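Here is what each chain is made of, one letter per residue.
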Amino acid sequence: MTRTDSPDRQFLADYRPYPFILEQTRLEFTLAPDATRVRADLTFRPRNGSEDLLLDGGKNLHLISLTIDGREPAADQVTRDDERLVIAAAALPDGQFTLATEVEINPSANTAFEGLYISNGMFCTQCEAEGFRHITFYPDRPDVMAPFQVTIHSDQPVLLSNGNPVRQEEGLAEWHDPWPKPAYLFALVAGDLVAIEDRFTTASGRDVALNVWVRPGDEDRAGFAMESLIKSMKWDEDVYRREYDLDVFNIVAVDDFNMGAMENKGLNIFNSKLVLASPETATDADYERIESVIAHEYFHNWTGNRITCRDWFQLCLKEGLTVFRDQQFTSDMRSASVKRIGDVQALRARQFREDQGPLAHPVRPEEYEEINNFYTATVYEKGAEVIGMLKRLVGDDGYARALDLYFKRHDGEAATIEDWLKVFEDATGRDLTQFKRWYTDAGTPRLTMRETWENGRLTLHFTQHTPPTPGQNDKPPRVIPIAVGLIGPNGDEIEPTRMLEMSEAKQEFSFDGLGARPVVSALRGFSAPVILERNIDDATRAFLLAHDTDPFARWEAGRELALHALTALSQGQEGGADYIGAIGQLATDEDADPAFRALCLNLPGEEEIATRLYAAGAIPDPDAIHDARNRLARRMAETHANLLSAIYDQMVVPGPYSPDADSAARRALRISALGLLTRIDGGERAEVLFGITSNMTERMAALICLVRRGRGGVALSALHDQFKDNRLVMDKWFTVQPMAAPPADAIAIARQLSERRDFDWKNPNRFRALLGGLAANHAGFHAADGKGYDFLAEWLMKMDPINPQIAARMSTAFETWPRYDENRRKRALAALERMAAMKGISRNLREMVTRMIA
Ligand code: 0A1
Ligand code: ZN
């Protein structure tokens with residue numbers, strides 16, 4: 001590793017099982033905002049021989065008492081430092097014993113939202129990855145699993161924890177979770193909440209009570225979350241044969257939450273933005289996201305909870321698989337091809353970007369300083385892609401057999417990637433030694449394809465190469481599934497999809513007996529997360545955009561055309577004619593799904609263009625890219641004005657709003673047309689639409705168009721007046737202004753917004769809304785004078801002492817700094833160095849900035 005060594009660094013190679021078995025965990029909470037008492041009774045048994053008992057627990061735990069089987073150990077047998085408590089082996093009985101501790105903690109002082117904290121007067125917890133150690137002394141590691149018995153004393157009306165309720169009375173509740181679990185899956189909620197209720201009967205007849213808990217007044221926005229939960233439960237039974245295993249399933253929405261949601265056993269806790277939705281406040285994208293995250297957290301019940309991770313290096317074991325499952329679910333609920341294209345776009349925007357820069361790491365990292373910094377697109381989204389490839393290689397039946405074996409063999413265990421690959425080997429007989437490189441080697445492989453044609457034989461010549469990433473220079477070839485089809489000159493498919501398996505650095509595949517030279521449709525369905533480089537002209541791309549039967553490959557052909565035009569335009573060359581022509585045809589193709597047509601009409605974003613230029617060896621110029629994109633959009637609008645206007649009128653969705661996929665698809669196409677038309681109509685349509693529509697999808701779309709044209713004032717005030725008391729809508733209001741502003745105004749706008757009283761920056765959603773909005777304005781954030789970098793760094797340094805996770809997460813806006821010109825690089829580096837030098841910097845932010853500077 002090129003990074004500086006640190007005493008905090010953890011290594012996969014150092015794994016050792018915990019020397020004790022934890023047989024039972026009993027917790028008793030007496031809740032008070034400033035002084036909560038936590039009593040823990042932990043029954044241990046030594047695994048073998050006598051060792052010291054190490055318990056995680058930091059400075060925030062005020063120890064009141066500690067006994068072993070009821071007796072206090074001698075003072076010199078218990079030692080403490082900033083991170084743990086150690087009980088000397090000599091103080092421990094030979095066999096089973098119970099350690100009882102009582103600590104006092106202060107939830108109202110917990111601004112980092114890790115452990116037990118208070119959000120809007122409600123007690124709640126977040127324990128993944130290492131939050132439980134802020135609640136009590138405990139072996140806070142995922143391979144230590146135990147059944148939990150929890151008692152809560154509190155005057156809050158609703159008291160929840162994991163498992164099944166065993167006692168509920170005024171001021172007291174008792175919960176029992178029979179399924180052994182690690183501490184990171186513990187949860188507690190106490191507050192003034194109301195539930196919307198439903199029930200679900202599992203395939204084997206278990207009657208499960210379902211509740212979505214929200215603050216009074218929010219009940220009418222929780223129905224969609226409940227519907228999504230029921231669909232998820234049914235789907236996991238139908239597709240994976242997985243049933244729910246408790247009598248209740250609770251979901252709670254909280255306003256202060258660092259991430260999206262959390263899969264605590266039987267008590268999922270959600271960021272309220274992923275639960276609450278109504279047509280007036282949520283967009284189609286919000287609805288789709290809610291449906292998929294509810295599914296994701298529910299699916300964790302089997303992939304994460306029943307089978308968990310041995311250690312945090314194995315995070316992708318539960319996250320890659322659960323993302324893969326939620327993607328399958330959404331494909332089944334909505335349009336599979338549109339979902340696939342969306343997932344590839346997200347992967348390229350976030351994961352390829354990560355792989356291209358200083359934060360690149362393997363899907364299964366081998367070292368870290370702060371595990372919270374590894375909840376990344378690589379672990380999640382690339383982790384899911386790797387499973388998709390595995391499924392392609394072993395086939396659907398092989399995958400089903402392997403998964404059945406996985407659940408059977410590892411239920412109740414804390415497993416590893418080796419265990420995961422072994423079930424595939426055992427179930428299918430396939431050797432996965434080479435495949436494992438997808439888990440251990442970072443970086444996006446570059447795949448090149450060249451064609452030769454001779455006497456009715458088409459040969460595809462492939463090479464693969466993975467560029468170096470931090471700490472990994474040489475990467476041997478890996479197995480790559482390449483889905484290929486052939487299209488005849490008349491546009492008919494002559495060879496349906498075939499899966500080629502590449503395993504060497506260089507390899508050829510031939511197709512014989514062909515009458516005329518076909519056009520190759522390669523990497524269909526994005527069969528592997530690689531960058532495919534092929535020499536192909538715009539006319540052939542336009543042909544594929546018109547004829548390819550694989551929706552991904554078809555979309556990709558259009559994307560490539562657009563990117564080709566945009567990179568040329570941004571470098572002062574001509575381009576775009578083929579793309580504009582081909583898009584006109586596709587936009588009028590009434591047989592194509594409107595959502596697909598919308599995807600094809602949307603130009604690649606500026607960040608994507610920059611990534612493409614950098615990958616091709618150029619230095620991206622953010623202002624030139626912004627300009628090129630504007631010019632191409634304007635030309636598209638001018639060329640197809642009538643067509644776009646017809647689409648805009650035709651795609652009105654009649655009747656009351658419904659978030660279903662078909663209606664959303666029509667709105668998506670209508671909005672794409674609006675975005676282009678706004679380039680030439682001065683914003684007239686957007687203004688009218690904003691005034692008359694009542695759904696947030698169209699209102700936001702119109703607002704973005706107006707802000708982009710510098711005409712957002714009236715609409716922004718109207719939205720503010722109507723929704724100033726709705727946090728989630730106000731978050732959108734804070735995002736859209738810096739995000740869609742003309743780049744030259746973005747920083748001033750962000751600064752002005754940051755000075756408002758309602759910029760409640762300690763709320764993670766609000767902070768992300770404003771700073772994330774600015775970072776999403778590519779040319780604005782990367783302003784040549786470095787003001788964007790300075791502004792973000794200033795806020796990260798302010799946030800770090802309050803909430804290090806959020807500061808570290810948002811610092812990834814800097815990860816692309818090495819790709820820009822020298823002036824920008826110098827300014828970004830100066831901002832990073834300022835942060836690195838900050839006194840008292842958190843481990844979270846320190847690790848991120850050090851990796852980015854290295
Ligand atoms: N396991 C959750 C994500 C999550 C991770 C960390 C958290 O706090 C640091 C919170 C949530 C998921 O995959 O949804
Ligand atoms: Zn997850």
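Predicted model, so just to flag it, every value in this text is computed and none were measured. (Residues numbered from 1 in each chain as written. Chains lettered and ligands numbered in written order. Predicted model: local features only at pLDDT ≥ 70, side-chain atom pairs only at ≥ 80, totals over all residues.)

### A word on helix 11 (residues 594-601)
Selection criterion: Any residue surrounded by 20 or more other C-beta atoms within 10 Å of its C-beta is treated as buried, while 12 or fewer makes it exposed and the intermediate range makes it partly exposed; C-beta atoms here are placed from the backbone. In this text, helices come from DSSP runs of H or I with a minimum length of four residues, and strands from runs of E with a minimum of two, each type numbered from the N-terminal end. Here, residues touch in the contact sense if the C-beta positions derived from the backbone fall within 7 Å of one another.
Within helix 11, 8 of the 8 residues are buried, which leaves it mostly tucked inside the rest of the structure. Along its buried surface, helix 11 packs onto helix 4 (336-356), helix 9 (551-570), helix 10 (577-587) and helix 15 (661-681).

### Describing the pairing of strand 9 (residues 115-119)
For the record, the criterion: Note: two strands are recorded as paired if DSSP finds a minimum of 2 bridges between them.
Summarising burial for strand 9: 4 of the 5 residues are buried, a large majority. In the sheet, strand 9 pairs with strand 10 (residues 122-126) via 5 bridges, with the strands oriented antiparallel. The partner of Tyr117 across the bridge, within strand 10, is Cys124. Between strand 9 and strand 10, which pair antiparallel in sequence order, lie 2 residues; one of them, Asn120, sits at a positive phi of approximately 50°.

### With respect to helix 15
Counted only if it meets this: One fewer than the residue count of a helix, multiplied by 1.5 Å, yields its expected span. To get the bend at any residue, fit one axis to the seven residues that end at it and another to the seven that begin at it, then take the angle between the two axes.
When the terminal C-alpha atoms of helix 15 are compared, their 29 Å separation across 21 residues agrees well with the 30 Å that a helix rising 1.5 Å per residue should span. Along its length, helix 15 shows its largest kink, about 25°, at Gly675. Among the 21 residues in helix 15, 15 count as buried, and that is most of the element. Residue Gly682 follows helix 15 closely and has a positive phi angle near 75°.

### Here we look at the site of ligand 1
To be explicit about the condition: The criterion for a residue being near a molecule or strand is simple: its C-beta atom, placed using the backbone, must lie within 6 Å of it. Polar here means any residue other than Ala, Val, Leu, Ile, Met, Phe, Trp, Tyr, Cys and Pro, which are nonpolar, and Asp, Glu, Lys and Arg, which are charged; Gly is therefore polar.
In the vicinity of ligand 1 lie 15 residues, with Glu128, Met259, Met262, Asn372 and Tyr375 positioned nearest. Elements with a contribution of two residues or more to the shell around ligand 1: strand 19 (261-262) and helix 2 (284-299). For the shell around ligand 1, the residue count by class is 5 nonpolar, 6 polar and 4 charged.

### Focus: the UniProt feature "domain: Peptidase M1 alanyl aminopeptidase Ig-like fold" (unreviewed entry) in the protein chain
We apply this condition: UniProt positions are given in the numbering used here, feature names are shortened, and annotations may be inferred rather than shown by experiment.
On the UniProt side, "domain: Peptidase M1 alanyl aminopeptidase Ig-like fold" (unreviewed entry) is annotated at positions that read residues 443-534 here. Annotated as residues 443-534, this span is 0% helix and 54% strand, and its ends, taken at the C-alpha atoms, are 19 Å apart.

### Brief notes about the domain arrangement of the protein chain
Keep this limit in mind: For every domain, the bounds stem from an assignment made automatically or drawn from a database.
Splitting the protein chain by domain gives domain 1 (22-192), domain 2 (197-306), domain 3 (315-440) and domain 4 (446-535). Measuring from the centre of the C-alpha atoms in domain 1 to the corresponding centre in domain 3 gives 32 Å. Residue composition of the side of domain 1 that touches domain 3, by class: 4 nonpolar, no polar and 2 charged.

### Comments concerning the UniProt feature "domain: Peptidase M1 alanyl aminopeptidase C-terminal" (unreviewed entry) in the protein chain
Mapped onto this numbering, the UniProt entry gives "domain: Peptidase M1 alanyl aminopeptidase C-terminal" (unreviewed entry) at residues 539-853. Overall, residues 539-853 shows 72% helix and 0% strand. The separation of its end C-alpha atoms is 43 Å.

### Details of the sheet that holds strand 26 (residues 480-487)
Note on sheets: strands pair through backbone hydrogen bonds, and any given pair is parallel or antiparallel. Heads up, the condition is: Axis definition: a line fitted to C-alpha atoms, over the contacting stretch in the case of helices. Angles run 0 to 180 degrees between N-to-C directions.
Strand order in this open sheet of 3 strands is 27-26-29, and the pairing throughout is antiparallel. Two strands close off the open sheet at either side, each with one partner strand: strand 27 (493-502) and strand 29 (519-522). Taking the axes of each pair of neighbouring strands and ignoring which way they run, one obtains an average angle of 25° across the sheet.

### Considering the packing of helix 19 (residues 727-740) against helix 20 (residues 743-754)
Between two packed helices, both the angle of their axes relative to each other and the distance between the axes serve to describe the pair. Counted only if it meets this: Angle categories are assigned with fixed cut-offs, so that under 35 degrees is roughly parallel, over 145 is roughly antiparallel, 65 to 115 is roughly perpendicular, and the rest are oblique.
It is at 8 Å that the axes of helix 19 and helix 20 come closest, and there the two elements cross at 155°. One finds that helix 19 runs roughly antiparallel with respect to helix 20. Along its contact with helix 19, which presents Phe734, Gln737 and Pro738, the element helix 20 presents Ala746, Ile749, Ala750 and Leu753. Among the residues forming the contact of helix 19 with helix 20, the class breakdown is 6 nonpolar, 1 polar and no charged.

### Topic: the packing of helix 13 (residues 622-639) against helix 15
The N-to-C vectors of helix 13 and helix 15 enclose an angle of 90°; their axes lie 8 Å apart at closest approach. With respect to helix 15, the axis of helix 13 lies roughly perpendicular. Side by side, helix 13 and helix 15 meet where Ala633, Arg634, Met636, Ala637 and Glu638 of the first sit next to Leu676, Leu677, Arg679 and Ile680 of the second. By residue class, the composition of the contact of helix 13 with helix 15 is 6 nonpolar, no polar and 3 charged.

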